[in-house]
Amino acid sequence: MKRFAQLFKLLDYTTKSTAIINALVEYFSSTEDKDKVWAIALFSQKRPKRIVTTALLKEWSADLSELPLWLFEESYQMVGDINETISLIVPKPTKKSDNSLSYWIDVILALKDKEKIVIKDTVLDAWTSQDQDERFLFNKLITGGFKVGISQKSIINALSKVSGIEQSKVTHRLMGKWDPTNITYEELVLMADPTEDLSKPYPFCLVNALDIDCDQLGSPSNWSAERKWDGIRGQLILRSGEYYLWSHGEELVNDKFPELEQLKNKIETDIVIDGEILPFREGKPLNFITLQTRIRRKNVTKKHLLDTPIIIVAFDLLEYGGEDIREKPLIERKILLQEVVKEIDSDRLLLSEEIPFETWEELANERERSREFYSEGIILKHLYSPYKAGLIKGDWRKWQIDPLTINAVMIYAQRGNGRNTKLYTEFTFAVKDGERLMPFTKASYGLKEEELKEINEWVKKNTLERFGPVRSVNPELVFELAFEGIAKSARHKSGVTLRLPRIKQWRKDKPKSEINSLEDLNVLLNEFG
Amino acid sequence: MQLIEFREEGLFVPQADVYIDPWKPVNKAFITHGHSDHSRSGNKSYVCTHSALPVIKHRLGSHINAKGIEYGEEMSVNGVKFSFYPAGHIIGSAQIRVEYKGEVWVASGDYKTTPDGVSEDFEPIICNTFITESTFGMPVFKWKPQSVVMDEINDWWRSNKEQGRVSVLAAYSLGKAQRIINNVDHSIGKIFTHGAVENVNEVIRRQGVHLHETIRVVQGQKQSMYTGGLVIAPPSAVDSVWSNKFKDFSSGIASGWMAVRGTRRRRSADRGFILSDHADWDELVGTVKATEAERIYVTHGYTDVFSKYLSSIGYYSAVVNTEYTSDELNTVAEDVEEANGIK
Ligand SMILES: [Zn+2]
Ligand SMILES: [Zn+2]
């Protein structure tokens, strides 16, 4: 398990995606097939069930190391992770060995329903031959607590590199139900699945910001305007009675949105819809932040389904009757889309409504109303344009509303992640709260390089305290922050959370006394939250 | 009267008017080793081992009134017999043995008991009272053999080299740096050093200790010169703009603190190597037992925990507050400033 432990360690403290992919590629191209299957399984949250509680492991390890329990507790306080503490305090291994990941998993699986004494003997024996990194993983596995923060996308990217198989196919093959105890690497990754072409998505067409005046777009009659929804871009594929939902990040997210599965039997013909997944209730979109909390969770619970119902707003049709229609002009695709939505006839699938407008002024007026709909602005599409892959200038334009802004003072500076560790790039800001300062958001984007340098110098000279990579600084520098939305939040001391906060400008002209207050934030919350 | 008292200025031997590793200026200072928290400036006179003397003079200035002594040599001050024994911590490091009318106390300074190929090998000293450090006095700290850690460093260096990268390794400039320089696999490539490390190397080479060849990193060199090399620098330099000159590099840290996942993650280096110049838990407990002492004073590190543990296994043990530091990672800032000043 040493190789897997090494991989785990690297994934554990690297944030750089190329390093992660490289490490995975190296692992997958050199380890035995059985280990590959288990590694994929563990990274995909398919872990063995708990055999023993951490409390028991703790007891056994304290016994074995002949340490009083208070000393175990002190160690745990210092280390912060119980399984790691156990792995560190048990005596050094007495035997040299390097058993594979699957060997140890087999050992663990074989302990299912065994008596406590058998489990104890096996565990103590395992510890005598494992080094500390292996023990740590073994403890996590046997207590059912193995976790690693790595995206499915990285795994798929690496497997695709190693096997030479397209990412969308690998994604499909890893999807759904499979059991690491009775599948080979060959069957899981290398063998074609007869249905995998059914799930194949089209590349998304991306939207450019509108960087010119509308007048320059020519006649309004050549353009369609729709609200820009603040949700998750998704491609809904209904082919041969199957349902697939791809997110913008090219991840299959069927499991995250089980509500949409019901659409699959409602239409005879094969179709692919491009749209936006939105939290939606009683005819109105909800604040996007509610959806964010739902998608961050590994498993969608009943509560999520009730609290954050979702729909998909369809704005384009890429395939109809099994035929790729992306070359047809938008205006024709839209007519077909209307028919499709009508035929499916579900309250989970809405047609993106066009905003009628005769003049650009009229549209500008509509744009001002965007926040009423939790919308970010307006999307303009040329009515005679084909559906192109990627970021193509011209045909699709995003006319965003101006962000909300607030003036705040910087109170903490934090070093960046990964390679950026030398610079303070992440800052925490506060508003006035009576006599005190109330931290309310972090922001890291928006500063020019020279400004960042200047601020870094300043931070070093104005540090009050250091905690690891974070420094508290004299509250002096004032910044104007921009953000797209605001919502109530019980998790934050300020009671609010911002959407997409970034630094709009460094207000060197403003003294600290002129920053906004918590009341100002609450006013924004009442108006836009 | 205790043979060694714990005074505001440091560990004090009243009968001889001698202080051991004082943190405030005194007349007579006996110094265990050259780390800056144990050997401070301002004392009227210094005594340390011959092999510790060059570094101490380099640090505190050649003008200081300092005298060297052999390991094992006895020196009498007003009837008190002093002798220095290897502590295995860094070159020249010593435990100071103090004897008066048949009673023996030993002040350990910093120590580690396993040989590292550079420092003089540690010897346990039988005594009545042992004053010990406890930088890593928690049972979670258990070191692997040095050869295993060196293999890990070699593998990392080799794979960086294959990918055309520089390997930048953070290590304390006095002690750990030299230990790494001499023990890594020299067939992999060249070793470069930050000024703070190279200044110490020069001093150590001049006293006749063999160190493998190193090249000082200086301003204005071509980036390509470092490719595939191993650069040894103090942690504070690796974290600063200094390391930007290597462009494509992988960063590593060699420290006992890397044993804990939380610290590893906070330090955000690409790799952490568990390598310390201090005793781990088993070495600390083993040494206490080997001294056959009945009283144990604990000076720095996880003092409360270690002392409480010793009491629980039957020793008379107490914590002594000192101004020695136990942070291998952050105390070297002054070396770097010094090196940058000298260049
Ligand atoms: Zn030291
Ligand atoms: Zn020390």
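Keep in mind that what you see is a predicted model, and the values were worked out from it rather than measured. (Residues numbered from 1 in each chain as written. Chains lettered and ligands numbered in written order. Predicted model: local features only at pLDDT ≥ 70, side-chain atom pairs only at ≥ 80, totals over all residues. Heavy atoms only, no water.)

Asker: How do you make sense of the packing of helix H1 (residues 53–60) of chain B against helix H4 (residues 195–206) of chain B when you look at a structure like this?
Answerer: When two helices pack together, their arrangement is given by the angle between the helix axes and the distance between those axes. Residues and elements named next belong to chain B. Relative orientation of the contacting elements H1 and H4 amounts to 135 degrees, with a least axis distance of 9 Å. On the basis of their axis angle, the class for H1 and H4 is oblique. Considering how the two elements wind past one another, H1 and H4 form a crossing that is right-handed. Note on element contacts: H4 touches H1 through Asn199, Val203 and Ile204, opposite Pro54, Val55 and His58. A per-class count over the contact of H1 with H4 returns 4 nonpolar, 2 polar and no charged. (Axes fitted to C-alpha atoms, helices over the stretch in contact; angles between N-to-C directions. Helix = DSSP H or I, 4+ residues; strand = E, 2+ residues; numbered from the N terminus. Parallel < 35°, antiparallel > 145°, perpendicular 65-115°, else oblique. Left-handed = near helix turned anticlockwise from the far one by under 90°. Contact = heavy atoms within 4.5 Å. Nonpolar A, V, L, I, M, F, W, Y, C, P; charged D, E, K, R; others polar.)

Asker: Can you help me understand the coordination of the zinc ion (ligand 2) in this one?
Answerer: Ideal geometry at a metal centre: 109.5 degrees between donors when four sit tetrahedrally, and 90 or 180 degrees when six sit octahedrally. Residues and elements named next belong to chain B. Every protein donor of the zinc ion (ligand 2) is accounted for by His38 (NE2), Asp110 (OD), Asp110 (OD) and His300 (NE2), and the metal-donor separations fall at 2.1 to 2.4 Å. Metal-centred angles of 58 to 132 degrees between the 4 donor atoms at the zinc ion (ligand 2) mark the site as irregular. Counting along the primary sequence, the residues that act as donors to the zinc ion (ligand 2) give the motif H-x71-D-x189-H. (Donors = N, O, S within 2.8 Å, 3.2 Å for Na, K, Ca; no water. Tetrahedral: all angles 85-135°; square planar, octahedral: opposite > 155°, others 65-115°.)

Asker: Can you help me understand the pairing of strand S3 (residues 223–229) of chain A in this one?
Answerer: Every regular strand shows the same layout, with side chains that alternate between the two sheet faces. Residues and elements named next belong to chain A. In terms of burial, S3 is largely enclosed, as 7 of its 7 residues are buried. Bridge analysis of S3 against strand S11 (residues 375–382) gives 7 bridges, and the strand direction is antiparallel. Each residue of the ladder has a partner; that of Glu226, found in S11, is Ile379. (Buried < 20%, exposed > 50% of the residue type's maximum accessible area, 1.4 Å probe, protein only. Pairing = 2+ DSSP bridges.)

Asker: Sorry, what's going on with the coordination of the zinc ion (ligand 1) here?
Answerer: Residues and elements named next belong to chain B. Around the zinc ion (ligand 1), the protein contributes the donor atoms His33 (NE2), His35 (ND1), His89 (NE2) and Asp110 (OD), which lie 2.2 Å from the metal centre. What the 4 donor atoms of the zinc ion (ligand 1) show is an angle range of 88 to 166 degrees at the metal, which sorts the shape as irregular. Positions of the donor residues of the zinc ion (ligand 1) along the chain correspond to the pattern H-x1-H-x53-H-x20-D. Separating the zinc ion (ligand 1) and the zinc ion (ligand 2) is a distance of 4.1 Å, and Asp110 donates to both of them. Here His33 is found in the loop between strand S4 (28–30) and strand S5 (45–49), whereas its partner Asp110 is found in the loop between strand S10 (103–107) and strand S11 (129–134), with 77 residues between them in sequence.

Asker: Explain the pattern of salt bridges here, please?
Answerer: When charged atoms on two side chains of opposite charge get close, those side chains can pair. Inspection of every chain in the model, using the stated rule, returns 50 salt bridges over all chains. A salt bridge links A:Arg369 to A:Glu366; the shortest N-O distance between them is 3.5 Å. The class of A:Arg369 is partly exposed, set by a relative accessible area of 34%. What emerges from the salt-bridge pattern is a single network uniting A:Asp12, A:Asp81, A:Lys140 and B:Arg261. (Salt bridge = Lys/Arg side-chain N within 4 Å of Asp/Glu carboxyl O.)

Asker: What should I look at first to understand the domain arrangement of chain A in this one?
Answerer: Interfaces are often sized by the amount of accessible area the parts lose when they come together. Residue and element names in this part refer to chain A. Here chain A is described as being made up of domain 1 (2–142), domain 2 (205–400) and domain 3 (404–528). At the interface, 9 residues of domain 2 touch 8 residues of domain 3. The contact between domain 2 and domain 3 buries some 720 Å² in all, and 47% of this surface belongs to carbon and sulfur atoms. Applying the counting rule to domain 2 against domain 3 returns 1 salt bridge. A salt bridge links Glu376 to Arg499; the shortest N-O distance between them is 4.0 Å. On inspection of domain 2 and its partner domain 3, the count reaches 0 residue pairs in polar contact (both at pLDDT 80 or more). Ranked by the residues each element gives to the side of domain 2 that touches domain 3, the list is headed by helix H13 (residues 288–296), at 3 residues. Grouping the amino acids of the side of domain 2 that touches domain 3 by side-chain chemistry returns 3 nonpolar, 3 polar and 3 charged. (Domains from an automatic or database assignment. Buried area = accessible area lost by both parts, 1.4 Å probe. Polar contact = N/O pair within 3.5 Å; in protein donor to acceptor, adjacent residues only side chain to side chain.)

Asker: Would you explain the interface of chain B and chain A in this entry?
Answerer: In this complex, chain B contributes 34 residues to the contact, which on the side of chain A involves 30 residues. Across the interface of chain B and chain A, roughly 2,800 Å² is buried in total on both sides, 54% from carbon and sulfur atoms. In this assembly, chain B and chain A are joined by 3 salt bridges. The closest approach of N and O atoms between B:Arg261 and A:Asp81, which form a salt bridge, is 3.8 Å. Connecting chain B to chain A are 4 residue pairs in polar contact (both at pLDDT 80 or more). Secondary structure elements with two or more residues in the side of chain B that touches chain A: strand S16 (249–254), helix H6 (261–267), strand S17 (271–273), helix H7 (281–290) and helix H8 (303–312) of chain B. Residues that form the side of chain B that touches chain A fall into these classes: 16 nonpolar, 6 polar and 12 charged.

Asker: Please explain the domain arrangement of chain B as it appears in this structure.
Answerer: Residue and element names in this part refer to chain B. When the domains of chain B are assigned, the result is domain 1 (5–140 + 277–327) and domain 2 (146–273). The gap between the C-alpha centroids of domain 1 and domain 2 is 29 Å. Facing the 19 residues of domain 1 at the interface are 16 residues of domain 2. Note on domain 1 versus domain 2: buried area summed over both sides is about 1,600 Å², and carbon and sulfur give 65% of it.

Asker: How should the environment of A:Asn157 be read in this particular structure?
Answerer: All names here are of chain A. By secondary structure assignment, the location of Asn157 is in helix H10 (residues 152–163). The partly exposed category is assigned to Asn157, whose relative accessible area is 22%. Sequence separation between Asn157 and Thr171 is 14 residues, and the spatial gap between their C-alpha atoms is 9.1 Å. The residues contacting Asn157, other than those within four sequence positions of it, are Ile21 and Gln167.

Asker: Explain unusual backbone geometry to me, please; I cannot follow it from the model alone.
Answerer: Negative phi is the rule for most residues except glycine; trans is the rule for most peptide bonds. Of note in the backbone geometry, A:Ser240 takes a positive phi value of approximately 45 degrees without being a glycine. Position of A:Ser240 among the secondary structure elements: in the loop between strand S4 (232–239) and strand S5 (242–247). Of note, the phi angle at B:Lys101 is positive, near 50 degrees, even though the residue is not glycine. Residue placement: B:Lys101 occurs in the loop between strand S9 (94–100) and S10.

Asker: I would appreciate a short explanation of the environment of A:Lys432 in the present structure.
Answerer: All names here are of chain A. The residue Lys432 is located in strand S15 (residues 424–433) in this model. Residues Lys432 and Asn516, spaced 84 residues apart in sequence, show a C-alpha to C-alpha distance of 6.3 Å. Beyond its immediate stretch of four places on either side in the chain, Lys432 contacts Leu437, Ser513, Ile515, Asn516, Ser517 and Leu518.

Asker: I would appreciate a short explanation of the confidence of the model for chain B in the present structure.
Answerer: Interpretation of the predicted coordinates at a detailed level should be avoided for regions scoring low in pLDDT. Residue and element names in this part refer to chain B. Averaged over chain B, the pLDDT score is 91; the fraction of residues at 70 or greater is 94%. Across residues 329–343 the pLDDT falls below 50, and counting only partners more than four positions away or on other chains, this stretch makes 33 contacts in the model. Scored as a whole, the predicted complex attains pTM 0.70, and scored at its interfaces, ipTM 0.89. (pLDDT = per-residue confidence, 0-100.)

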